[in-house]
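Summary of the model geometry
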Amino acid sequence: MEHDLEQRLRLRSMDPDFYALERQLLWPRQWLVAGRADELAGPGHYAMWEETGVPLIVIRSVDGELRCFYNSCRHRGAPVVREPRGRNRALRCQYHSWTYDTFGRLVSVPDERDFVDLRFEERSLVPVAAKVVAGWVLVNQSAPDAAAPDLPAQGGKQTLTTLRFEAQANWKTMLAALDASSGPDGAAAPVALGWNGLLVAQDASQLAVTVWPVAEWPGSADTCSIRVAVLAPEWDEDDGSPLESADWANQHQAITAWVAASAAIAEGWQRELTAGQLPSALQGVARHRQVDEAIGPHAVPTAWRVGA
Amino acid sequence: MPIFACFVKFWPEAAMRGAPRFSADSGWWEAAGAFDAAALLVAATAEDAADAILATASGARARPVGGDSTVGGLPPGVAAQLYRGMGGWVLVGLPDQPAWLTLAMAFLRRRVYQRATFATAWHTPAVNELAALVFATHHADDAAGTCRTYGVPATHLARWAAEAGPSASAADIIQYGAVLLAPPEVTALAGSETWASVLTAALTPEFRDDVALGPARATVNN
C-alpha cells in the first residue's frame, strides 16, 4: 500500500483533529439510528440519547408521533431530562421548573411575574429532525433533507433490551472488528445496518449493533461506545418477559463475550495504529470514502482525504 | 356522613366511547361539563372520596381512612382537585382567591390565573389540563408539601403512594378529578333510586351506559 495512503488511514482513526472534524461535520449531517420505535411505545415515553456527544431527547408525543429535541432548557440551557428513560406527559427542568409538553412547547413557568415579556411560544424546546423507518428511530441534527438509510424491517420482533459497552478504540476500528466477526454464536456474519451499525443473528433474535464516537463526554479519537439492541420474537405480556427466563442469562453472556472479544481485537488494532502500524484489517478504504462523502470531500483537509 | 360530589376526567385514550357528557345546563351542574363522569359518594372526608375514585378506576378495593382531613373544612361547592404526581396522587384545595393565585404562580402560569377564579378553576379544562401536566412532573409528596408551605391546603394520598400497581393503573385512566362537599340541592338527590346506581357504577372504566346517567340527568334537569 502506498505509504501516504497508509499514513492517512492511520491518522483518520487516531488523530484528535480528524475526530473533531467528524464530530463537527459528519455525525450532525447523518440520519442516525437512535433506537427502535417500540421502545417508546406509549404517549409520554421518552429516552435520552447522547451517543454523538450532543444531548437529545426522543419522546412519543400524545398525538402518537415520535419527536426529538435538544435536551436543553430554553431558560438557562440545563438538561430538562436527567433519567435515561421515563414516561411523562410533561418534562420539567429541575432548576427553575420550566415545564414542556410532549410537543416541546413551554407550558408552565413558576413565578412568571419575574420574567418580563416572556413569550412562551418562542421558548419551546429546539426540535431535531426525527423519523421512523422500518421501525427504526432516526434523528438528524442538521441535514434533514438528506436521504435516510435503507434499513431492514424487523417484522415479528420486539426490542427486548439495549446493552451498552465501551471500547478503547476509534469507532471505525471497533466497527471493523465487529464486522470481521461471526456474531455471538459464531454462525452468522453481520450485515450492514446503516453506515455505523451491523445486524447479526443470535438464535431467534437479531442484534442491532451501532458504534458511536463518544463513550463518555467529551469523547476522544481512541474511545467509542457500542449499543446492542436485542430484538427478540414478539412475546405475550401474560407469558412474562423473556428477560426473566434462564435463556436470557445465557444470551446476555454470549453477547457480552462477543462484544468483549471484538473490543479486545479492536483495542489491539488501535495500539498498532498508535505504534505507527496499519493492521491489514484496517486497510480497506470503503468506509473512509463513505465518511469523506458524508462530510463533503472539499471539507476534508487534503492531508486526510481518501481519494476515489 | 357527608356526601361528596366527585368528578373525573379521563385521558383521551382511556375515555369511554360514547362517554356521557353533562349538558351545559345552568346552575351547579354546568361545572360538570368539564368532566367525563360524576358520582355522589358518601365519605367521611374528601381524602376518602378521592380514595374511592382511584379505587374504582383501578379496580382496587376502596379503603377509607377517615380521621382528620388536610383539605377538610372546604365549604360545600368548593373543590379539592385531584392530580397525579410522581409516586402518588395529590389532593389540592382552593378555598379562596389568594390560594388560587398562590397555586397558579407557584406551579402553573399567569394566563390560567387570569382566566379563572378560585370558584371556577376546578371545572376549567385549561386549568386542569395544565395542572395535570405539571403535577405529574413533581413528586406527589413534594408537591403537597410545597402547597402547604404556601398556605394552600393539600395532601398526598398516602395509600396511593406508589409508581406502579393500582396507583399507576388509575393514572392511565384518570387525567384529573375534583371532589366537592355536595351543596344542599344535590344532597337532596342522595338516596334516590337513580343516584344509587350512579354511586356504584359511574366511575368504572367499563361504564358506557349512557342510560344510567340519563335518568339522573333528567332528574337534575327536572
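I will try to describe carefully the structure that is included in this document. (Residues numbered from 1 in each chain as written. Chains lettered and ligands numbered in written order. Predicted model: local features only at pLDDT ≥ 70, side-chain atom pairs only at ≥ 80, totals over all residues. Heavy atoms only, no water.)

Counting 58 residues, the largest nonpolar core has Trp171, Met174, Ile226, Val228 and Ile255 of chain A as its most contacted members. Broken down by element, the residue count for this core peaks at eight residues, all from helix α4 (residues 246-274) of chain A. Once residues within four sequence positions are removed from consideration, Val228 of chain A is found in contact with Thr161, Thr162, Leu163, Phe165, Leu207, Ala208, Val209, Ile255 and Val259 of chain A. Counting 42 residues, the second-largest nonpolar core is a separate cluster that includes Ala90 of chain A together with Phe7, Tyr83 and Val134 of chain B. (Core = buried A, V, L, I, M, F, W, Y, C linked by side-chain atoms within 4.5 Å. Buried < 20%, exposed > 50% of the residue type's maximum accessible area, 1.4 Å probe, protein only. Helix = DSSP H or I, 4+ residues; strand = E, 2+ residues; numbered from the N terminus. Contact = heavy atoms within 4.5 Å.)

Turning to the pairing of strand β3 (residues 79-85) of chain B, a few remarks are in order. All names here are of chain B. By the criterion of burial, β3 is predominantly enclosed, with seven of the seven residues buried. Residue alternation in β3 divides its side chains into two sets, Ala79, Gln81, Tyr83 and Gly85 and Ala80, Leu82 and Arg84, and both sets are buried. In this sheet, strand β4 (residues 88-93) lies alongside β3 in antiparallel orientation, the contact comprising six bridges. Paired with Ala80 across the strands is Gly93, a residue of β4. Connecting β3 to the antiparallel partner β4 that follows it, the hairpin turn spans two residues, and Gly87 within it adopts a positive phi of roughly 75 degrees. (Pairing = 2+ DSSP bridges.)

Residues and elements named next belong to chain A. With 29 residues, α4 extends 42 Å between its outermost C-alpha atoms, agreeing within 8% with the 42 Å of an ideal straight helix rising 1.5 Å per residue. Inspection of α4 places Trp248, Gln251, Ile255, Trp258, Val259, Ser262, Ala263, Ala266, Gly268, Trp269, Gln270 and Leu273 among the buried residues, and these make up the whole buried set. Gly276 sits one or two residues past α4 and shows a positive phi near 95 degrees. (Expected span 1.5 Å × (residues − 1).)

Residue and element names in this part refer to chain A. Here three strands make up an open sheet; going across it, the order is β6-β7-β8 and the pairing antiparallel. Lying at the two open borders of the sheet, with one neighbouring strand each, are β6 (90-92) and β8 (106-108). Direction aside, neighbouring strands of the sheet carry axes that sit 40 degrees apart on average. In the sheet, strand β7 (residues 99-101) pairs with β8 via two bridges, with the strands oriented antiparallel. (Axes fitted to C-alpha atoms, helices over the stretch in contact; angles between N-to-C directions.)

All names here are of chain A. The geometry of helix α3 (residues 171-179) relative to helix α5 (residues 286-295) is characterised by a closest axis approach of 11 Å and an angle of 140 degrees between their N-to-C directions. The orientation of α3 with respect to α5, classified from their angle, is oblique. Crossing handedness for the pair α3 and α5: right-handed. Contact residues: α3 offers Trp171, Lys172, Leu175, Ala176 and Asp179, while α5 offers Arg287, His288 and Val291. Along the lines of polarity and charge, the residues of the contact of α3 with α5 split into four nonpolar, one polar and three charged. (Parallel < 35°, antiparallel > 145°, perpendicular 65-115°, else oblique. Left-handed = near helix turned anticlockwise from the far one by under 90°. Nonpolar A, V, L, I, M, F, W, Y, C, P; charged D, E, K, R; others polar.)

Attention shifts here to the sheet that holds strand β4 (residues 66-70) of chain A. All names here are of chain A. Read from one edge of the open sheet, seven strands run β1-β10-β9-β4-β3-β2-β5, paired in antiparallel fashion. Strands with a single pairing partner mark the edges of an open sheet, and in this sheet they are β1 (32-36) and β5 (85-87). Mean inter-strand twist for the sheet, computed between neighbouring axes without regard to direction, equals 25 degrees. Of the strand pairs in this sheet, strand β9 (residues 127-133) and strand β10 (residues 136-140) are connected by five bridges, and their pairing is antiparallel. Note that in β10 the partner of Ala129 across the bridge is Asn140.

As a further point, take the interface of chain A and chain B. Contact with chain A, which involves 18 residues of that partner, is made by 17 residues of chain B. The interface formed by chain A and chain B contains two salt bridges. The closest approach of N and O atoms between Asp172 of chain B and Arg87 of chain A, which form a salt bridge, is 3.7 Å. Viewed at the interface, chain B and chain A are joined by eight residue pairs in polar contact (both at pLDDT 80 or more). Those elements giving two or more residues to the side of chain A that touches chain B turn out to be β6, β7 and β8 of chain A. Looking at the side of chain A that touches chain B, the element that brings in the most residues is β6 of chain A, giving three residues. (Salt bridge = Lys/Arg side-chain N within 4 Å of Asp/Glu carboxyl O. Polar contact = N/O pair within 3.5 Å; in protein donor to acceptor, adjacent residues only side chain to side chain.)

All names here are of chain A. One can find Tyr19 in helix α2 (residues 16-26). Residue class for Tyr19 comes out buried when judged on its relative accessible area of 8%. For the pair Tyr19 and Val126, spaced 107 residues apart in sequence, the C-alpha to C-alpha distance is 26 Å. Ignoring any residue separated from it by four or fewer positions in sequence, one finds Tyr19 in contact with Pro213, Val214, Pro218, Gly219, Ser220 and Ala221.

On to the side chain of Ser108 of chain A. Positionally, Ser108 of chain A belongs in strand β8. Residue classification places Ser108 of chain A among the buried positions, given a relative accessible area of 0%. From its side chain, Ser108 of chain A meets the backbone oxygen of Phe107 of chain B in a polar contact 2.7 Å long. Of the polar contacts made by the side chain of Ser108 of chain A, one reaches the backbone oxygen of Leu108 of chain B; its length is 2.9 Å. Setting aside its immediate chain neighbours within four residues, Ser108 of chain A contacts Ser97, Trp98, Thr99 and Phe120 of chain A together with Phe107, Leu108, Leu130 and Val134 of chain B.

Our focus in this paragraph is the environment of Val306 of chain A. Residues and elements named next belong to chain A. Its location among the elements puts Val306 in the segment after α5. Exposure remark for Val306: the relative accessible area of 6% places this residue in the buried category. As a C-alpha pair, Val306 and Lys157 span 149 residues in sequence and 39 Å in three-dimensional space. With near-sequence residues (within four places) excluded, Val306 lies in contact with Leu5, Leu9, Arg12, Val285, His288, Arg289 and Asp292.

Between side chains of opposite charge, pairing is possible as soon as their charged atoms come close. Following the criterion strictly, the structure yields 15 salt bridges over all chains and no others. When the shortest N-O distance is used, the salt bridge between Arg227 of chain A and Glu51 of chain A registers 2.9 Å. Linking Arg227 of chain A in strand β15 (residues 224-233) with Glu51 of chain A in the loop between β2 (45-49) and β3 (56-60), this pair joins segments that are 176 residues apart in sequence. A single burial state applies to Arg227 of chain A and to Glu51 of chain A, both of which are buried. Taking the shortest distance from any N to any O, the salt bridge between Glu112 of chain A and Arg110 of chain B comes out at 3.7 Å. Pair noted here: Glu112 of chain A is in the loop between β8 and β9 and Arg110 of chain B is in helix α3 (residues 110-115), and the two residues belong to different chains. Accessibility expressed as a relative area gives 5% for Glu112 of chain A, which makes it buried. Where salt bridges share partners, they join Glu51, Arg164, Glu166 and Arg227 of chain A into one cluster.

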